[in-house]
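Architecture and fold: a report
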Amino acid sequence: MQTMLLSILGLALLGTLHAQDSIPVQADFQQDKLTGRWYSIGLASNSNWFKEKRHLMKMCTTIISTTAEGNLEVTSTYPKGDQCVTRNSLYTKTEQPGRFSYTSPRECSASVGQPRPCSQPCCPCFCLGADLELRAELCPMFPTGWGSKHNIHVVETNYDEYALVATQISKSTGPSTMVLLYSRTKELSPERLEMFTQFSRGQGLTDDEILILPQTDKCMADAA
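Residues numbered from 1 in each chain as written. Predicted model: local features only at pLDDT ≥ 70, side-chain atom pairs only at ≥ 80, totals over all residues. Heavy atoms only, no water.

1. Focus: the side chain of Thr167
Tracing the sequence through the fold places Thr167 in strand S7 (residues 162–170). The residues touching Thr167, leaving out its near neighbours within four places in the chain, are His150, Asn151, Ile152, Ser176, Thr177 and Met178. (Helix = DSSP H or I, 4+ residues; strand = E, 2+ residues; numbered from the N terminus. Contact = heavy atoms within 4.5 Å.)

Okay, here's the thing in C-alpha cells:
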C-alpha cells in the first residue's frame, strides 16, 4: 500500500512539473520593469471558487514592488460588497527569471483586520471566522491544511502596457489553472484581449472559465 501511494504521489509530481514546463516565460525577463501599479483586465480559472463567484467579480488594482531579497511583494485591492479588501502576497523568485512560487499565507487576512503571527498550521481558517469564501480559498484542508501552493509564470509582457501571468495551483481539492491579464490602464486593445482569451484556451480553459472583468471605480483610490 505504501509503495502504491508513493507511486501515485510521484506521478502527480511529474504531472505538475510537466504542466509547469509547458507554460512559457517572458524572454529576458526584467523584474524591475514589472513593478508599479496594474489593473486586472482579464481573469480565467477552472477552480470551483471562480465558477461560483465570477458573476460578482470586478476589475481590481495590484501594486507590485521588489523586496530587498529580490522577491515580489504583490498587493491587490478589490471590491467585495460594500467594502474594499486588500490582500498581500509574497512571490518568491526561483532559479528561472520570470517564474515565482507562492504559498497561501499562514497569517490572518487584512480583510478582517491587521495581519498577526500564526500559532497554528492553518491560522487563516481560524482568523477569518465567518468569511467562508476566503477561508475556503486559503485553507481548503480546514482545519489542518497548509493552504495552496502557486507556481507563477510571467508569460508575456512589454512592461508599459500589459502583462500576461499564468499560475498553476495545487491544493487538497485538486489542481487548478489561473490566467490573469494586467494592464497599466483600465482598458486594453481588442488584440490584447484576444491574446488573453486564446492563451487561456490553450491552457485547457473553456469560454465559461474566461472573464473580461467589468470596470469599476470602487476601491481604485484605496490602492493609490
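Text resumes after the structure shown.
2. Focus: the packing of aromatic side chains
With the rule as written, the count across this model stands at four aromatic pairs. Between Phe29 and Tyr159, the ring centres sit 6.5 Å apart and the planes meet at 40 degrees, which makes this aromatic pair tilted. Here the residue Phe29 occupies a position in the loop between helix H1 (2–21) and strand S1 (36–45), and Tyr159 occupies one in the loop between strand S6 (149–157) and S7, the gap between them amounting to 130 residues. Among the residues examined, Phe29 registers a relative accessible area of 12% and is labelled buried. (Phe/Tyr/Trp six-rings, centres within 6.5 Å; stacked < 30°, edge-to-face > 60°. Buried < 20%, exposed > 50% of the residue type's maximum accessible area, 1.4 Å probe, protein only.)

3. Regarding the nonpolar core
The biggest cluster of nonpolar side chains holds 21 residues, and the ones touching the most others in it are Leu34, Leu72, Tyr91 and Phe100. Beyond its immediate sequence surroundings of up to four residues, Leu34 is in contact with Phe29, Ile64, Leu72, Val154, Thr157, Tyr159, Ala163 and Arg184. Grouped together as the second largest cluster of nonpolar side chains are 18 residues, Ile23, Val155, Met195 and Phe199 included. (Core = buried A, V, L, I, M, F, W, Y, C linked by side-chain atoms within 4.5 Å.)

4. A word on the pattern of salt bridges
A complete count under the given rule lists four salt bridges for this structure. We note a salt bridge from Asp217 to Lys186, for which the minimum N-O separation is 3.1 Å. Taken together, the residues span a long stretch of sequence, with Asp217 in the segment after strand S9 (210–212) and Lys186 in the loop between strand S8 (176–183) and helix H5 (190–202) at a distance of 31 residues. Here Lys186 falls in the partly exposed class, since its relative accessible area comes to 27%. (Salt bridge = Lys/Arg side-chain N within 4 Å of Asp/Glu carboxyl O.)

5. Regarding the state of the cysteines
Scanning the model with the defined rule gives one disulfide in all. Covalently, Cys84 is tied to Cys219 through a disulfide, its sulfur atoms 2.0 Å apart. Note on the Cys84 and Cys219 pair: the S-S dihedral is about -95 degrees, so by sign convention the disulfide is left-handed. One end of the pair, Cys84, is in strand S4 (residues 83–93); the other, Cys219, is in the segment after S9, and 135 residues separate them in sequence. (Disulfide = S-S within 2.5 Å.)

6. Re H5
The first and last C-alpha atoms of H5 sit 18 Å apart over 13 residues, in line with the 18 Å expected at 1.5 Å per residue. Buried residues of H5: Met195, Phe196, Thr197, Phe199 and Ser200, and no others. Its buried side turned inward, H5 meets S1, S6, S7, S8 and S9. (Expected span 1.5 Å × (residues − 1).)

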